[in-house]
Amino acid sequence: MATWKTLLLQDSASPLMEQLAYFHNHTLMILVIITVLVGQLMITLFFNKLSYRFLLEGQIIEIVWTILPAVTLIFIALPSLKLLYILDEVNNPLLTVKSIGHQWYWSYEYSDFKSIEFDSYMIPKDLMKPFNFRLLDVDNRLILPYQTQIRLLVTAADVIHSWTIPSLGVKIDATPGRLNQVSFALSRTGLFYGQCSEICGANHSFMPIVVESISPKYFYKWVSETAEA
């Protein structure tokens with residue numbers, strides 16, 4: 001989760017987020033090089049009073065500074081297009097979960113199992129335990145197995161919401177009357193926090209998302225216990 005000293009992206013918890021972080025670093029390096037080069041040229045122009053008369057009109061340099069930005073954009077666009085296809089691909093999901101956004105809480109349904117569905121509300125301040133995070137913890141977490149391809153179906157019952165977990169690299173709109181899907185795989189165990197990222201009303205800031213990643217063995221045990229209950 002994000003903390004007060006987090007300057008860059010959160011630590012990745014899925015292969016998708018790793019690829020997003022790589023692309024972010026790749027693009028940031030290109031931008032740093034461009035910024036340093038342009039800054040150095042501007043500083044030189046400020047302090048250098050001389051003029052090079054052969055550069056007052058030059059076709060070659062105009063061609064060069066037209067081609068170089070185009071090449072730079074290609075170096076950014078190719079990894080970006082590849083990443084877009086990876087993010088949109090759904091490969092043989094082993095588990096399907098449906099998430100429904102309400103004003104202002106989330107409902108979850110495990111489509112592969114019978115009678116496993118529950119609501120997830122934010123824990124009020126007066127009911128919080130010392131280990132809970134204010135405005136982030138919920139009463140019923142979304143339990144998922146790690147190293148498993150998961151398909152998430154997202155919709156809404158009233159207004160537009162957005163199901164977002166930054167450390168998983170997942171952000172998908174929950175739109176009434178529409179079913180959106182996203183696929184991801186958790187790479188490690190832990191608790192991963194997120195919030196609704198769409199301005200959905202007065203209590204928009206009070207419908208957090210908590211994903212609990214556990215091993216498949218304990219997930220099967222949790223499924224059997226929940227189904228029996």
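Residues numbered from 1 in each chain as written. Predicted model: local features only at pLDDT ≥ 70, side-chain atom pairs only at ≥ 80, totals over all residues. Heavy atoms only, no water.

1. Section: the layout of surface pockets
Put simply, the rule is: In this analysis a 1.4 Å probe is tested at points of a 1 Å grid over the protein atoms alone, and where it fits but cannot get out there is a cavity; an open set with protein on both sides within 12 Å along at least five of seven lines is a pocket; lining residues have an atom within 4 Å of a point. Grid points are joined across faces, edges and corners, and a volume is the space filled by probe spheres set on the points. The numbering of helices and of strands both runs from the N terminus, where a helix is a DSSP run of H or I of at least 4 residues and a strand a run of E of at least 2. In the scheme used here, Gly and all other residues not listed as nonpolar or charged are polar, with Ala, Val, Leu, Ile, Met, Phe, Trp, Tyr, Cys and Pro taken as nonpolar and Asp, Glu, Lys and Arg as charged.
When its volume is computed, the largest pocket comes out at roughly 470 Å³. In this structure, the largest pocket is lined by 14 residues; those nearest its centre are Leu-37, Val-38, Leu-41, Trp-65 and Leu-68. Put simply, the parts of the chain that give the lining of the largest pocket at least two residues each are helix 1 (15-47) and helix 2 (59-88). Within the lining of the largest pocket, the residues separate by chemical class into 13 nonpolar, one polar and no charged.

2. Overview of the sheet that holds strand 3 (residues 117-120)
So the rule is basically this: By definition, two strands form a pair when at least two bridges between them are found by DSSP. The axes are straight lines fitted to the C-alpha atoms, using for helices just the contacting stretch, and the angles between their N-to-C directions are given from 0 to 180°.
If you walk across this open sheet you meet the five strands as 3-2-1-5-8, and the pairing is mixed. Each having just a single partner strand, strand 3 and strand 8 (180-185) make up the two edges of the open sheet. Taking each pair of neighbouring strands and ignoring which way they run, the sheet shows an average axis angle of 25°. Direction of pairing for strand 1 (residues 95-102) relative to strand 2 (residues 105-110): antiparallel, over a ladder of six bridges. Across the sheet, Lys-98 pairs through a bridge with Glu-109, a residue of strand 2.

3. Notes on the nonpolar core
Cut-off, in case you're wondering: Side-chain atoms within 4.5 Å are what join buried Ala, Val, Leu, Ile, Met, Phe, Trp, Tyr and Cys residues into a set we call a nonpolar core. Think of it in three bands: residues with accessible area under 20% of the maximum for their type are buried, residues over 50% are exposed, and the middle band is partly exposed, with areas taken using a 1.4 Å probe on protein chains only.
Core analysis: the largest hydrophobic core is formed by 35 residues, its most contacted members being Tyr-110, Leu-144, Trp-163 and Phe-184. Among the elements that line this core, the one with the most residues is strand 5 (residues 149-156), at four residues.

4. Focus on the packing of aromatic side chains
For clarity, the threshold we go by: Aromatic rings from Phe, Tyr and Trp, taking only the six-membered ring of Trp, are treated as a pair when their centres fall within 6.5 Å; an angle between ring planes under 30 degrees marks them as stacked, one over 60 as edge-to-face, and anything in between as tilted. By the criterion adopted, a ring carries a charge over it if an Arg CZ or a Lys NZ lies within 6 Å of its centre and within 35 degrees of its normal.
This structure, assessed with the given rule, holds ten aromatic pairs. Taken together, a centroid distance of 5.4 Å and an interplanar angle of 80° make the contact between Phe-133 and Tyr-193 edge-to-face. In this pair, Phe-133 is assigned in the loop between strand 3 and strand 4 (142-145) and Tyr-193 in strand 9 (residues 190-195), connecting sequence segments 60 residues apart. With relative accessibility at 35%, the residue Phe-133 sits in the partly exposed group. Judged by its relative accessible area of 8%, Tyr-193 falls in the buried class. Through successive ring pairs, a cluster of aromatic residues spans Tyr-108, Tyr-110, Phe-113, Phe-118, Phe-219, Tyr-220 and Trp-222. Directly above the aromatic system of Tyr-218 lies the positively charged group of Lys-217, at a separation of 5.9 Å from the ring centroid.

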